[in-house]
Amino acid sequence: MTLNSKIPAGPLESKWKTYKSTCKLVNPANKRQLEVIVIGTGLAGASAAASLGEMGYKVKAFCFQDSPRRAHSIAAQGGINAAKNYQNDGDSTYRLFYDTVKGGDYRSREGNVYRLAEVSANIIDQCVAQGVPFAREYGGLLSNRSFGGTQVQRTFYAAGQTGQQLLIGAYQALERQVAQGNVKMYTRHEMLDIVTIDGKTRGIIARNLVTGELERHFGHAVLLCSGGYGNVFYLSTNAMGSNVTAAWKAHKKGAFFGNPCFTQIHPTCIPVSGDHQSKLTLMSESLRNDGRIWVPKKQGDTRKPNEIPEEERDYYLERRYPAFGNLVPRDVASRAAKERCDAGYGVGSSKQAVYLDFSSAIMRYGRVEANKKGEENASEATIRQWGMDVVKEKYGNLFEMYEKITGENPYVVPMRIYPAVHYTMGGLWVDYELMTTVPGLYALGEANFSDHGANRLGASALMQGLADGYFVIPYTLGNNLANDISVKAISTDHPAFVAAEKEVRDRIERLMNIKGTESVESFHKRLGKIMWDKCGMARNAQGLKEAIEEIKALRKEFYANVRIPGEINEFNPELDKAGRVADFLELGELMCMDALDRNESCGGHFREEYQTPDGEALRQDDQYMFVSAWEYKGESQYELHKEALDYEVVHPSQRSYK
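Not measured: the values here are computed from a predicted model. (Residues numbered from 1 in each chain as written. Predicted model: local features only at pLDDT ≥ 70, side-chain atom pairs only at ≥ 80, totals over all residues. Heavy atoms only, no water.)

Peer 1: Could you give an account of the packing of helix H14 (residues 520–535) against helix H15 (residues 541–561), naming the residues involved and the relevant values?
Peer 2: Where H14 contacts H15, the axes come no closer than 10 Å and their chain directions differ by 175 degrees. Relative to H15, the element H14 lies roughly antiparallel. When H14 is examined against H15, the residues Phe523, Arg526, Leu527, Ile530, Met531, Lys534 and Cys535 are found in contact with a partner set consisting of Gly543, Leu544, Glu546, Ala547, Glu550, Ile551, Leu554, Glu557, Phe558 and Asn561. Split into classes, the residues belonging to the contact of H14 with H15 amount to 10 nonpolar, 2 polar and 5 charged. (Axes fitted to C-alpha atoms, helices over the stretch in contact; angles between N-to-C directions. Helix = DSSP H or I, 4+ residues; strand = E, 2+ residues; numbered from the N terminus. Parallel < 35°, antiparallel > 145°, perpendicular 65-115°, else oblique. Contact = heavy atoms within 4.5 Å. Nonpolar A, V, L, I, M, F, W, Y, C, P; charged D, E, K, R; others polar.)

Peer 1: Which residues make up the domain arrangement of the protein, and what are the values?
Peer 2: Taken domain by domain, the protein holds domain 1 (266–421) and domain 2 (501–623). For domain 1 versus domain 2, the distance between C-alpha centres works out to 33 Å. Contacts between the two partners involve 14 residues from domain 1, matched on the other side by 11 residues from domain 2. Taken together, the two surfaces of domain 1 and domain 2 that pack against each other cover about 830 Å², and 57% of this comes from carbon and sulfur. In terms of surface lost to domain 2, no three residues of domain 1 exceed Asp331, Arg335 and Lys338, which account for 50% of the buried area on that side. Run the count over domain 1 and domain 2 and you get 1 salt bridge. (Domains from an automatic or database assignment. Buried area = accessible area lost by both parts, 1.4 Å probe. Salt bridge = Lys/Arg side-chain N within 4 Å of Asp/Glu carboxyl O.)

Peer 1: Requested: an account of the packing of aromatic side chains, with residues and values cited.
Peer 2: Overall, the coordinates contain 25 aromatic pairs when judged by the stated rule. Summarising the aromatic geometry, the rings of Tyr86 and Phe156 are spaced 5.6 Å apart at their centres and angled 75 degrees between planes, so their arrangement reads as edge-to-face. Highlighted residues: Tyr86 in the loop between strand E3 (80–81) and helix H4 (93–103) and Phe156 in strand E4 (residues 155–156), separated in sequence by 70 residues. Residue classification places Phe156 among the buried positions, given a relative accessible area of 0%. Members of the aromatic cluster, connected to one another through ring pairs, are Trp16, Tyr19, Tyr432 and Tyr475. Positioned over the ring face of Tyr186 is Lys184, at 5.1 Å from the centre of the ring. (Phe/Tyr/Trp six-rings, centres within 6.5 Å; stacked < 30°, edge-to-face > 60°. Buried < 20%, exposed > 50% of the residue type's maximum accessible area, 1.4 Å probe, protein only. Lys NZ or Arg CZ within 6 Å of the ring centre and 35° of its normal.)

Peer 1: Could you give me a rundown of the nonpolar core, with the residues and numbers involved?
Peer 2: Formed by 184 residues in total, the largest nonpolar core has its most connected members in Ile80 and Leu223. When residues in this core are grouped by element, the largest group, 12 residues, is from helix H16 (residues 573–597). (Core = buried A, V, L, I, M, F, W, Y, C linked by side-chain atoms within 4.5 Å.)

Peer 1: Break down the sheet that holds strand E2 (residues 58–62) for me, with residues and values.
Peer 2: Strand order in this open sheet of 5 strands is E5-E2-E1-E9-E17, and the pairing throughout is parallel. Of all strands in the sheet, those with a lone pairing partner are strand E5 (183–186) and strand E17 (441–443), marking the two edges. Within this sheet the neighbouring strands show an average axis-to-axis angle of 20 degrees, counted without direction. Alignment of strand E1 (residues 35–39) against E2, held across 5 bridges, turns out to be parallel. Looking at the pairing, Val38 lines up with Ala61 of E2. Across the sheet, helix H3 (residues 43–55) lies against E1, E2, E5 and strand E9 (221–224), angled at about 165 degrees from E2, the strand it touches most. (Pairing = 2+ DSSP bridges.)

See the structure below:
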């Protein structure tokens, strides 16, 4: 099958404009006859459901939480990118586009990324109109801060809780449509399969997680906005409920999976503290604006950080990457931290951590405050206190969170951080219209593969989720639904619905009938360990081959010995979790296959066999400048399709942040 990305012809900067001016439209009366199903109500799902409801479509929105406000988008801390150039520091749509393509190590599609950069400015206006309380400068203008992989300040933020504030904005818009009757909200429902009729997606099978009942729902189109699959690693910064099930079920019904091995490792997480942990906590990348990252110059140094003098500290990012310093992209910062720890310079009891130190920023801000106050002879203690007050205003909730988790005061003692799984750049393959290879089935936000290539720049996830939901899907969905206005709602008694529900029921019964002795959690933990050790921050052919066999064996053991208490027709979170882990056990194998197939290093995919003499990722553009799109062919059987990446505007080169 040839993959048609449907990128419009013409110059890059006019593709989206031309598309919007020439796409088919659905008139208001016809929109009221068309039903759209939205799976997931994070930023992508809530913004899409709200926008489509506002336009007049009949929307059904599903989330497995008890409220859309619990979607994992709420956890994003640092900010959202937009090319508004408020700082007058040289930003532009083109520069945001260029930084994103370069940051993704030249493995993303130019057309999609340029559109993302183009609509980014609209997102900020939309959110301000909704009342999102972005931070402001003294004069009232919106404030910006720096993020990794860029040399301009383009990140808009609301303290350290940007995701929460943006989600509340989208949630308000969504609830307004619910109140008007344009959107019907189904909470505590999990999508367990899609239904296709005559080759088109026409609905879903969902499970009511409170009663355990299976339900059939018709839609002229289905939008998957169900987030990423980072929890395949067990320990990640994702919420415990985040999973791949919706996307994976669609994959098994014909939707190709794009670049599954592209995983984002975030460099600033609170280190693992023991076997008891079920998730990791992120410290926002915004802390790298003012925090300096270092390790002792002496191997195995056991002194406390404040006892180590300045000249005996190695600010290794500033040393290795002078142009970007502590603000290199996430994949580069993560590998650099791993390299230092592996070489014996790690800190803390585990020696798997580095320091993120705010002491010089505190003193710098303190001196600015002293100047403002005209206090030329202020004591060092006073200056430090003033500086701490400024830092508290900018990052206070993050510092509180760190202290609550570790028991250490980061104003006084440097934070300890280490890389952890955070985001997945892979996802369902989609074309320019965000449609998967299954007609009528779309994927938005982190659920698709489209905009970040092999590494996502910080503050771009919120940007992509809202761009897809507010500004892209309203046009692209209409372009396709215009052909469906004569299709009346199909009864859920249709044989395709009956067959799909039976398939789901059989899967659930199979799981419940295993009646083994080992908990779901223990299988998830074991899978996560294989994935992190062999398909994590560094990969090699030998380890990936071993991982594939180990995952197959683990899956076999899961289906022979997993223990799921309770009944099917009741509230049963263990059963829900078992279904999700079963899907992770299949996805994990595909991720390793994809990583093994890609004989190069790029972005977050670091194959140890392919690196430059100084340890940077070594791409093989002549062989791997394509998107890997995998088609499901049966258990452990996948066919690889390739979408060639053509760079007409940006010329790929060895990434350098030096």
